[in-house]
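Summary of structural features
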Amino acid sequence: MNTPKAEENVSRSIVRPQISLLIMLLMMTVLAAMSAGLFYASRVTAIREEVSVLTGGRIDGGPTNRMAHISFILFTLCSPLILASVLSTIVGIMRWLEKRRGVAEADSSSR
């Protein structure tokens, strides 16, 4: 039989998963960028026709929208770089503000 002390020790040893606000915002930003890429992909006629063929649909031989295709390719190539630079800039600014706040607190405590 489990005693109350044994149950207390077991509950203390269980580590509950935690996620910080920064990681959650990072994940949401990455997922938003991926869904924007999927949105642009759905507007490209060539990709829409490929998905239609895979699901058993027919291909209509209408005019193609080259601007959507070009923007999707540019988005696919540039979005990881842009996303990494924006997130790096935000993290750098946050660290700079944190360091500045720590220096200000150290100056006020030394007086």
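Residues numbered from 1 in each chain as written. Predicted model: local features only at pLDDT ≥ 70, side-chain atom pairs only at ≥ 80, totals over all residues. Heavy atoms only, no water.

Things to note about the overall build of the protein
Each helix and strand in the protein was counted, giving four helices and zero strands. The buried share among the 111 residues of the protein stands at 6%. Within the structure as shown, the protein displays about 9800 Å² of accessible surface, and the carbon and sulfur contribution to it stands at 65%. (Helix = DSSP H or I, 4+ residues; strand = E, 2+ residues; numbered from the N terminus. Buried < 20%, exposed > 50% of the residue type's maximum accessible area, 1.4 Å probe, protein only. Areas by Shrake-Rupley, 256 points an atom, 1.4 Å probe, with all protein chains shown as cover.)

With respect to the confidence of the model for the protein
In this model, the protein carries an average pLDDT of 77, and 82% of its residues clear a pLDDT of 70 or more. Here helix H1 (residues 4–13) stands out as the element of the protein with the lowest mean pLDDT, 60, in contrast to helix H2 (residues 21–43), whose mean of 82 is the highest. (pLDDT = per-residue confidence, 0-100.)

A few points about a nonpolar patch on the surface
Nonpolar side chains collect at one region of the surface, where Ile 19, Leu 21, Ile 23, Met 24, Leu 25, Leu 26, Met 27, Met 28, Val 30, Leu 31 and Met 34 lie side by side and expose about 1000 Å² of accessible area between them. Residue position: Leu 26 is located in helix H2. (Patch = residues over 30% accessible without salt bridge, like charges linked within 9 Å, V, L, I, M, F, W, Y side chains within 5 Å. Salt bridge = Lys/Arg side-chain N within 4 Å of Asp/Glu carboxyl O.)

Observations concerning the environment of Pro 80
The topology assignment puts Pro 80 in helix H4 (residues 66–110). Between the alpha carbons of Pro 80 and Met 34 there is a distance of 9.8 Å; along the sequence they are 46 residues apart.

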